[in-house]
Amino acid sequence: MTSDLTPNQACAAIHEALKALPLLASPADVPFGDGLYFFYEQGEVSDHAPKERIVRVGNHPRSQGGLVRRLRMHYSGNKNSSVFRKFLGGALLRRDDPSNPCLSPAPGKGHWERQDARTCPRCAPTETLVSGLLRDRFRFRCVRVPDLVERNGLEALLVATLAACDVCRPSSSWFGLHAYSEKVRASGLWNSQYVGGPTLDRRSLDRFLGMVRRSAAEV
Ligand SMILES: [Zn+2]
Ligand SMILES: [Zn+2]
């Protein structure tokens, strides 16, 4: 399919528009219950984002009113309640010791990185480290998207678009390069789902930018 908009053009417009929204550090500061969130990570910059580039897009895909709860799962939940925490903790463990038994037998297959597997006494303290990392090195912005179907569709398009931008590449010291997911390492995003999928066209980008403007007027 030919598109009327390249991922690079869309990515530049997204980064520029989101600057109108406050950069938040706590789920308690989110002013609405339904929307998408965009995480920024200290030290990760690009020509589209000289201060900080977007490093994760997320959603609360199955429930209405769940945005704040979803963000709380990231900040103070556990690795089985948040794929973001699973990625971050796995990257921390691997950076410190690639042969850590909590990551064995293979990337993505150890008990830390496997969904619903339990932590052991050795990796349990990683939960505290992940919470500290999120508080110290990450900030986020939220865009109000009231409709669930539209929100889920936009999430997929936004992840794929930001992942496909070849201006916003991870720095050589990006922490995500220790993540087990090939899609995280290649995209420069702490996202794996939707990476490589269809990207935003002009119409859906314009609709999203309208939502950003309305969100900015609300806060
Ligand atoms: Zn363990
Ligand atoms: Zn970009």
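Above: the structure in question.
In this report, we go over the structure that sits alongside the text.

What counts, and at which threshold
- Residues numbered from 1 in each chain as written.
- Chains lettered and ligands numbered in written order.
- Predicted model: local features only at pLDDT ≥ 70, side-chain atom pairs only at ≥ 80, totals over all residues.
- Heavy atoms only, no water.
- Helix = DSSP H or I, 4+ residues; strand = E, 2+ residues; numbered from the N terminus.
- Buried < 20%, exposed > 50% of the residue type's maximum accessible area, 1.4 Å probe, protein only.
- Contact = heavy atoms within 4.5 Å.
- Phe/Tyr/Trp six-rings, centres within 6.5 Å; stacked < 30°, edge-to-face > 60°.
- Expected span 1.5 Å × (residues − 1).
- Arc of directions from axis to C-beta.
- Donors = N, O, S within 2.8 Å, 3.2 Å for Na, K, Ca; no water.
- Tetrahedral: all angles 85-135°; square planar, octahedral: opposite > 155°, others 65-115°.
- Pairing = 2+ DSSP bridges.
- Axes fitted to C-alpha atoms, helices over the stretch in contact; angles between N-to-C directions.
- Parallel < 35°, antiparallel > 145°, perpendicular 65-115°, else oblique.
- Nonpolar A, V, L, I, M, F, W, Y, C, P; charged D, E, K, R; others polar.

## Focus: the environment of Ser 171
And then number 1: Following the sequence through the fold, Ser 171 ends up in the loop between helix H5 (148-164) and helix H6 (182-187).
And then number 2: What makes Ser 171 partly exposed here is its relative accessible area of 23%.
And then number 3: For the pair Ser 171 and Val 195, spaced 24 residues apart in the sequence, the C-alpha separation amounts to 19 Å.
And then number 4: Non-local contacts of Ser 171, meaning those with residues more than four positions away in its chain, are made with Glu 44 and Leu 177.

## Quick word on the packing of aromatic side chains
And then number 1: Counted according to the given criterion, the structure contains 12 aromatic pairs.
And then number 2: Residues Phe 38 and Phe 208 carry aromatic rings whose centres are separated by 5.9 Å and whose planes lie at 50° to one another, so their mutual orientation is tilted. In this pair, Phe 38 sits in strand E1 (residues 35-41) while Phe 208 sits in helix H7 (residues 202-218), placing the two residues 170 residues apart along the sequence.
And then number 3: Take Phe 38: its relative accessible area is 0%, and that puts it in the buried class.

## A look at helix H1 (residues 7-18)
And then number 1: The end-to-end C-alpha distance of H1 is 16 Å, a good match for the 16 Å that 12 residues give at a rise of 1.5 Å each.
And then number 2: Taken together, the buried positions of H1 are occupied by Ala 10, Cys 11, Ile 14, His 15 and Leu 18. What you see down the axis of H1 is that its buried residues fit within an arc of 130°, all on one side.
And then number 3: Those residues of H1 that are buried are in contact with E1, strand E2 (54-58), strand E3 (138-144), H5 and H7.

## Some details on the coordination of the zinc ion (ligand 1)
And then number 1: On the protein side, the zinc ion (ligand 1) has Cys 102 (SG), His 111 (NE2), Cys 120 (SG) and Cys 123 (SG) as donor atoms, found 2.1 to 2.3 Å from it.
And then number 2: Metal-centred angles of 105 to 118° between the 4 donor atoms at the zinc ion (ligand 1) mark the site as tetrahedral.
And then number 3: Of note, the zinc ion (ligand 1) draws all its donor residues from one chain, in the sequence arrangement C-x8-H-x8-C-x2-C. Residue Cys 102 is found in the loop between helix H3 (83-96) and helix H4 (126-137), and its partner Cys 120 is found in the loop between H3 and H4; the two are separated by 18 residues along the sequence.
And then number 4: You can call Cys 120 partly exposed: its relative accessible area is 22%.

## Structural notes on the sheet that holds E3
And then number 1: Here we have 3 strands laid out as an open sheet, ordered E2-E1-E3, and antiparallel in their pairing. Every other strand in the sheet has two partners, leaving E2 and E3 as the edge strands with one partner each. Recorded for the sheet is a direction-independent mean angle of 20° between the axes of neighbouring strands.
And then number 2: When E1 meets E3, the two strands line up antiparallel, connected through 7 bridges. Following the sheet pairing, Phe 38 is matched in E3 by Arg 141.
And then number 3: Packing of H5 onto the sheet brings it into contact with E1 and E2, and relative to E1 it is tilted by some 25°.
And then number 4: Packed on one face of the sheet, H7 meets E1 and E3 and runs near 105° to E3.

## Details of the packing of helix H2 (residues 67-76) against H4
In a pair of packed helices, the angle between the axes and the distance between the axes together describe the arrangement.
And then number 1: The contact between H2 and H4 brings their axes to 7 Å, and the two run at 115°. As the angle between them shows, H2 and H4 are arranged roughly perpendicular. Mapping the contact onto sequence places His 74, Tyr 75 and Ser 76 in H2 and Ser 131, Leu 134 and Arg 135 in H4.
And then number 2: A class-by-class count of the residues in the contact of H2 with H4 yields 2 nonpolar, 3 polar and 1 charged.

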